[in-house]
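Structure assessment
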Amino acid sequence: MRQNPIIVIGGGIAGLATALRLAPLPVVLIAASPLGTGAATALAQGGIAAALGDDDTPLLHADDALVAAAGLGDPTMTRRIAEAGPAAIDWLLEQGIGFDRAGEGDAIALGLEAAHSRRRIIHAGGDRTGRRVIDGLIDAVRKTASVTVLEGKVLDLAMTANGEVGGVVYLPVGARQASDAVLLPGRGVVLATGGVGGLYAHTTNPVTAIGTGLALAARAGAVLRDLEFVQFHPTAIAIGRDPMPLATEALRGEGAILVNGRGERFMESVPGADLAPRDIVANAVFRQIVGGGQVFLDTRAALGQTVHARFPGFSALCASSGLDPASQPIPIRPAAHYHMGGVKVGVSGRTTVPGLWACGEVASTGLHGANRLASNSLLEAVAQSAWIAEDIKSGNAFGAARLNPPRITPSKGQVPAGLRRQMDRDVGVVRDAAGLQRAIRDFWFALAENAQDATLAALLIAVSAERRRESRGAHQRADHPRTSGMPRHTEITLTEALESARELAESRIEAMEAFA
């Protein structure tokens, strides 16, 4: 093992890009599964947003993102990331990743997605962008001598006596007991662990995306921000799979429409119609389903037989279940897709805990606010990885220091099916106080029995959602349907969340005792 490396946790685009940007500094990249198999990046169909068109500018891109963010986007950070878009695409090209062209040898093709005012979505392999990007970055990492890849689970962050992150407690692949964990020192740690979709029964994410990074950061004392904002993609393909396959938003960008079981275009009267922001479309689809109906994505008139060539991934997914989008509507429903909240970071990706950075979906940068603009996630990860590497290379990582004795936590098992169903029901597309408080109490009692990362992450999200008593973006409260005129962020620490949960649990016990 190289002396005093930077430790990067996560094998998706955020982790791979950060490891590459940090070269030639020694990096240990820890992935929970073989590279390319467990990351949400590989499932990304839509593409990467960047202002490359002659009629487009980074300012227009930023304006679209701020509108989608529903009052909680950070203007400075949003413009900075939008301005980094063209350079991010150039960097990916340098890594050997080829993007679709408008014609033989022509400029990069630009697609349209919901809530974008210009064509600025860059694809690779049609709707297989994520797979092409992650394969290219994996190949680059394997050619980079300064990066060592380990496979296994990070059980906890190792802390110094001064409250700095100085390494990780790592359980190598194949090890079965927490007592087999290894203390791996490092001069800094970068969280790139992805999102939380696996906490939900209906998700487009890998089922291993259970908020591990949130739990690690929370136990280290980091401030978490806006955890209540979970984006539900409106068009997950409802064919009984877990995770649910995704029908990319680019299909609607090319004219596909949403219809209910009666064939009605229920989005027609909504501003933006089928290309309204995701939170609006997801809520409309959810209302149709709750009302006892079905919802379908209809590509027949807009794409016909060309859907097979233009969207081969989508077409193959449909064919595997005996469906043909060229001749029949495809059943869809909302599913947990992306977490806008995360570990609070500044412009350089630093968290509130010294020695700890966060990149990608696990981070709350201020770009997404209450609702992410389509195809901004991969852009954010590539842009942010450069700033994190620059910050670390500037000397803001720590040298070797004496570490406190590690906290050996139990090895993490599978997420209980009951927790996933409860997140869907109580912390899903539409929430209310009764459901959120029930979830908080249940997760609190579950934590007392088994301190799993998934249960802790679910509790943190539920507490944040209960505290936001308004409807905004992806957070919709049936009991608080209005949006406050004073946008505010929800910031929380582990101590605060546990105290809130304890109070709710104790009040419930007291009520039961009084009734008895």
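Here the structure is a predicted model, which means the values were calculated and not measured.

**What to know about the overall build of the protein chain**
When its secondary structure is counted, the protein chain shows 16 helices and 19 strands. The C-alpha radius of gyration computed for the protein chain amounts to 22 Å, which stays within 12% of the reference 24 Å derived for 516 residues, consistent with globular compactness. Counting only C-alpha atoms and orienting by the principal axes, one finds that the protein chain spans roughly 70 × 65 × 45 Å. Counting only residues that meet the buried cut, the protein chain has 58% of its 516 residues in that class. Of the roughly 19,600 Å² that the protein chain leaves accessible, carbon and sulfur atoms contribute 52%. Here the protein chain holds 49 positive side-chain charges and 51 negative ones, and the gap between their average locations is 3 Å.

**A look at the sheet that holds strand S9 (residues 224-225)**
The four strands are arranged S16-S14-S9-S19 in an open sheet whose pairing can be described as mixed. Only two strands of the sheet have a single neighbouring strand rather than two, namely strand S16 (363-364) and strand S19 (491-492). Across two bridges, S9 lies against strand S14 (residues 342-344) in antiparallel orientation. Note on S14: the bridge partner recorded for Arg225 is Gly342. Each of S9 and S14 is contacted by helix H6 (residues 212-219), which is oriented at about 35° to S14, the strand it contacts most.

**Considerations on the pairing of strand S12 (residues 295-298)**
Burial of S12 is two-sided: the residues Val295 and Leu297 facing one way and the residues Phe296 and Asp298 facing the other way are all buried. In this structure, S12 lies alongside strand S13 (residues 330-339), joined through three bridges in antiparallel fashion. Within S13, the position partnered with Val295 by the bridge is Ile332.

**Quick word on the sheet that holds strand S15 (residues 356-358)**
With respect to topology, seven strands assemble into an open sheet ordered S7-S6-S5-S2-S1-S8-S15, the strand pairing being mixed. For this open sheet the edge positions go to strand S7 (182-185) and S15, each flanked by a neighbour on one side alone. For this sheet the average axis-to-axis angle between neighbouring strands, irrespective of direction, equals 40°. Relative to strand S6 (residues 165-172), strand S5 (residues 147-159) runs antiparallel, the two being bridged by seven bridges. Residue pairing for S6: Asp156 is matched across the bridge by Val169.

**A closer look at unusual backbone geometry**
Note that the residue after Ala23, namely Pro24, is joined by a cis bond; omega there is 10°. Relative to the helices and strands, Pro24 resides in the loop between helix H1 (13-22) and strand S2 (27-31). With an omega dihedral of 5°, the bond running from Asp242 to Pro243 counts as a cis peptide bond. Relative to the elements of secondary structure, Pro243 occurs in the loop between strand S10 (230-237) and helix H7 (250-253). Even without a glycine there, the phi angle at Ala273 is positive, about 50°.

**Focus: the nonpolar core**
The nonpolar side chains of a soluble globular protein tend to be buried with one another. Of all hydrophobic cores here, the largest spans 63 residues; its most connected members are Leu157, Val168 and Leu199. For this core, the element with the most residues is helix H15 (residues 453-467), which contributes ten residues. Residue contacts for Leu199: discarding those within four places in its chain leaves Ala209, Ile210, Leu419, Arg420, Met423, Ala454, Ala457, Ala458 and Ile461. Counting 55 residues, the second largest nonpolar core, distinct from the first, contains Val8, Ile13, Ala19 and Trp91.

**Points about the layout of surface pockets**
Within this model, the second largest pocket holds a volume of roughly 260 Å³. The residue makeup of the lining of the second largest pocket, split by class, is eight nonpolar, four polar and five charged.

**Things to note about the packing of helix H2 (residues 58-68) against helix H3 (residues 75-83)**
Between two packed helices, both the angle of their axes relative to each other and the distance between the axes serve to describe the pair. Viewed as axis vectors pointing N to C, H2 and H3 meet at an angle of 135°, and their least axial separation amounts to 8 Å. Taken together, the axes of H2 and H3 are oblique relative to one another. Pair H2 / H3 crosses with right-handed handedness. Each of Pro58, Leu59, His61, Ala62, Asp63, Ala65 and Leu66 in H2 lies in contact with H3, whose residues at this interface are Pro75, Thr78, Arg79, Ala82 and Glu83. Split into classes, the residues belonging to the contact of H2 with H3 amount to seven nonpolar, two polar and three charged.

**A look at the pattern of salt bridges**
For the structure shown, the criterion picks out 28 salt bridges. One salt bridge in this structure joins Asp242 and Arg420, with 2.8 Å as the shortest N-O distance. Placement of Asp242 in the loop between S10 and H7 and of Arg420 in helix H13 (residues 417-426) is noted, with a sequence separation of 178 residues between them. A relative accessible area of 44% places Asp242 in the partly exposed class. By relative accessible area, which is 12% here, Arg420 ends up buried. The shortest N-O distance in the salt bridge between Arg502 and Glu499 comes to 2.4 Å. Of this pair, Arg502 and Glu499 both sit in helix H16 (residues 494-515), three residues apart, roughly one helical turn. Residue classification places Arg502 among the partly exposed positions, given a relative accessible area of 27%. Looking at Glu499, the relative accessible area reads 34%, which means it is partly exposed. One salt-bridge network, in which partners are shared between bridges, spans Asp226, Glu228, Arg468, Glu470 and Arg472.

**What about the packing of aromatic side chains?**
With the rule as written, the count across this model stands at one aromatic pair. Ring geometry for Tyr200 against Phe232: centres 5.5 Å apart, planes inclined by 90°, an arrangement best described as edge-to-face. Here Phe232 lies in strand S10 and Tyr200 lies in the loop between strand S8 (188-191) and H6, a separation of 32 residues in the sequence. A single burial state applies to Tyr200 and to Phe232, both of which are buried. The ring of Trp387 has Arg80 lying over it, and the distance from NZ or CZ to the ring centre is 3.8 Å.

**Considerations on the side chain of Asn376**
Tracing the backbone through its elements, the reader meets Asn376 in helix H12 (residues 376-396). Here Asn376 falls in the buried class, since its relative accessible area comes to 1%. Those residues within four positions of Asn376 in sequence are excluded, and the remaining contacts are Ala49, His61, Ala65, Leu367 and His368.

Cut-offs applied
- Residues numbered from 1 in each chain as written.
- Predicted model: local features only at pLDDT ≥ 70, side-chain atom pairs only at ≥ 80, totals over all residues.
- Heavy atoms only, no water.
- Helix = DSSP H or I, 4+ residues; strand = E, 2+ residues; numbered from the N terminus.
- Rg over C-alpha atoms; globule rule 2.2 N^0.38 Å.
- Buried < 20%, exposed > 50% of the residue type's maximum accessible area, 1.4 Å probe, protein only.
- Areas by Shrake-Rupley, 256 points an atom, 1.4 Å probe, with all protein chains shown as cover.
- Lys, Arg positive; Asp, Glu negative; His and termini not counted.
- Charge placed at Lys NZ, Arg CZ, Asp CG, Glu CD.
- Pairing = 2+ DSSP bridges.
- Contact = heavy atoms within 4.5 Å.
- Axes fitted to C-alpha atoms, helices over the stretch in contact; angles between N-to-C directions.
- Core = buried A, V, L, I, M, F, W, Y, C linked by side-chain atoms within 4.5 Å.
- 1 Å grid on protein atoms, 1.4 Å probe; cavity = no way out; pocket = protein on both sides within 12 Å on 5 of 7 lines; lining within 4 Å.
- Points joined across faces, edges and corners; volume = space filled by probe spheres on them.
- Nonpolar A, V, L, I, M, F, W, Y, C, P; charged D, E, K, R; others polar.
- Parallel < 35°, antiparallel > 145°, perpendicular 65-115°, else oblique.
- Left-handed = near helix turned anticlockwise from the far one by under 90°.
- Salt bridge = Lys/Arg side-chain N within 4 Å of Asp/Glu carboxyl O.
- Phe/Tyr/Trp six-rings, centres within 6.5 Å; stacked < 30°, edge-to-face > 60°.
- Lys NZ or Arg CZ within 6 Å of the ring centre and 35° of its normal.

Geometry only, nothing functional implied.
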